[in-house]
Amino acid sequence: MIAMSCHTTSGVTMTTEPKDFTAQLTQLGFRAGRDAIAAFLTHAHKSRLGPTETVEALIALERRAREATNLARRTRAACLGTFKPLDRFDWAHPRKIDRALIDRLCALDFATRGENVLLRGQSGVGKTMLAKNIGLAALLAGKTVRFTTLAGALADLLQQESLPAFERRIKRYTQPAVLILDELGYLPCDSRAADILFNIISRRHEQRSTIISTNLAFKQWGTVFPGAACVVALVDRFAQHCHKVDIDAESWRDLHAFERDDSPDTTTPHQTKTKKR
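Predicted model, so just to flag it, every value in this text is computed and none were measured.

Novice: What's the story with the sheet that holds strand S3 (residues 178-184) in this structure? I'm lost.
Specialist: By way of backbone hydrogen bonds, the strands of a sheet pair with one another, either parallel or antiparallel. Within the open sheet, the five strands sit side by side as S2-S3-S4-S1-S5. Their pairing is parallel. Each having just a single partner strand, strand S2 (145-149) and strand S5 (242-246) make up the two edges of the open sheet. Taken pair by pair, the neighbouring strands of this sheet meet at an average axis angle of 15 degrees, ignoring direction. Taken together, the five bridges between S2 and S3 define a ladder with parallel strand orientation. Bridge pairing in S3 links Arg146 to Leu179.

Novice: Before we go on, may I ask you to explain the nonpolar core in this structure?
Specialist: Membership of the largest hydrophobic core comes to 31 residues, with the highest contact counts inside it found for Leu197, Trp221, Phe225 and Phe238. Among the elements of the structure, helix H7 (150-158), helix H8 (163-174), S3, helix H9 (191-204) and helix H10 (231-239) are those that each provide at least two residues to this core. Sorting elements by how many residues they give to this core places H9 first, with six residues. Residue contacts for Leu197: discarding those within four places in its chain leaves Leu150, Leu154, Leu181, Leu184, Phe225 and Leu234. Within the second largest apolar cluster, 29 residues are counted, among which are Ala78, Leu119, Met129 and Ile247.

Novice: Sorry if this is basic, but what is going on with unusual backbone geometry here?
Specialist: Excluding glycine, residues mostly have negative phi values, and the peptide bonds linking residues are mostly trans. Located in the positive-phi region is Cys79, a residue other than glycine, with phi close to 60 degrees. With relative accessibility at 40%, the residue Cys79 sits in the partly exposed group.

Novice: How do you make sense of the pattern of salt bridges when you look at a structure like this?
Specialist: As a working rule, side chains carrying opposite charge can pair if their charged atoms are close by. Inspection of every chain in the model, using the stated rule, returns eight salt bridges. For Glu62, the salt bridge identified is with Arg66, shortest N-O distance 2.6 Å. Taken as a pair, Glu62 and Arg66 lie in helix H3 (residues 51-78) at a separation of four residues, close to a single helical turn. For Arg66, a relative accessible area of 40% corresponds to the partly exposed category. Across the pair Arg172 and Asp156 runs a salt bridge, and its minimum N-O distance is 3.4 Å. Pair noted here: Arg172 is in helix H8 and Asp156 is in helix H7, with a separation of 16 residues, a long-range link. Taking the relative accessible area as the measure of exposure, Arg172 reaches 33% and is therefore partly exposed. Each of Arg95, Asp248 and Glu250 takes part in a single network of salt bridges with overlapping partners.

Novice: Looking at this model, I keep getting lost on the side chain of Thr148. Mind explaining?
Specialist: Relative to the assigned elements, Thr148 resides in strand S2. In contact with Thr148, not counting residues within four places along its chain, are Ala153, Tyr173, Ile180, Leu181 and Asp182.

Novice: It is not clear to me how helix H4 (residues 99-106) should be interpreted in this structure. Could you clarify?
Specialist: Since the α-helix advances by 3.6 residues per turn, residues separated by three or four positions end up pointing in the same direction. Residues of H4 that are buried include every one of Leu101, Ile102 and Leu105, and no others. An end-on view of H4 places all buried positions within 100 degrees of arc, on one side of the element. If you follow the buried residues of H4, they end up packed against helix H5 (109-112), strand S1 (116-120), helix H6 (127-140) and S5. In this structure Asp98 caps H4, since a side-chain oxygen of it lies 3.3 Å from the backbone nitrogen of Ala100. Directly after H4, the chain includes Leu108, whose backbone phi takes a positive value near 75 degrees.

Reading guide: rules and limits
- Residues numbered from 1 in each chain as written.
- Predicted model: local features only at pLDDT ≥ 70, side-chain atom pairs only at ≥ 80, totals over all residues.
- Heavy atoms only, no water.
- Pairing = 2+ DSSP bridges.
- Helix = DSSP H or I, 4+ residues; strand = E, 2+ residues; numbered from the N terminus.
- Axes fitted to C-alpha atoms, helices over the stretch in contact; angles between N-to-C directions.
- Core = buried A, V, L, I, M, F, W, Y, C linked by side-chain atoms within 4.5 Å.
- Buried < 20%, exposed > 50% of the residue type's maximum accessible area, 1.4 Å probe, protein only.
- Contact = heavy atoms within 4.5 Å.
- Salt bridge = Lys/Arg side-chain N within 4 Å of Asp/Glu carboxyl O.
- Arc of directions from axis to C-beta.
- Polar contact = N/O pair within 3.5 Å; in protein donor to acceptor, adjacent residues only side chain to side chain.

Pasting the structure below:
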């Protein structure tokens, strides 16, 4: 009886062991999915992995899962939206652009040093596309990123009704390793908005990188914030450690219907056949 009892218990354990381990690892906080853990346990058993090999492989599995989860979380927070990859940028179109500098910026040395980037050119020359690609490179390198239009960021902060609420919300723009403020110069701002932007740039100064796209030279920033006393200090603070990318070109969108190509083709093969009929 005792021998049968031990044999039966052992058989049940072998049958349910992978499922039990999967549940226990999930309860311990493993990010790897249940199916991935179960597949790993099956592989480890069939391959007769030793204890050290099993632990090493399990650690590698969990590390990959955590990296994927972390990237997905940071990608959602970055708000980059949809954009064309850098390999689709028409480098032959601009009359002037420093491609080598763009390549260096995508290598992210500037972000390691807390330096800033200015992308300057008229509307439609690819400033936003380049900024988002630099942001993507930062995400893939494990950094936190936040993309927003300058108008959107200022509107968000201006509507905070108390100082504590403002301080909580401004962290959205001061804490990311790379902050991208798009479209400075397209809408006028009052002196309070200028003070908020100066506040953001000052808190990030020499610690975290800020990328600004604009159609204006530094000396013209005062036209965006008429009467604001902090504009000179704002420009000085931002420009102190700043890589400037000037893009001299006609609007790519106007010449090549850039916007029509922005929308991905979501037509399914079935829909295509239906249309042909």
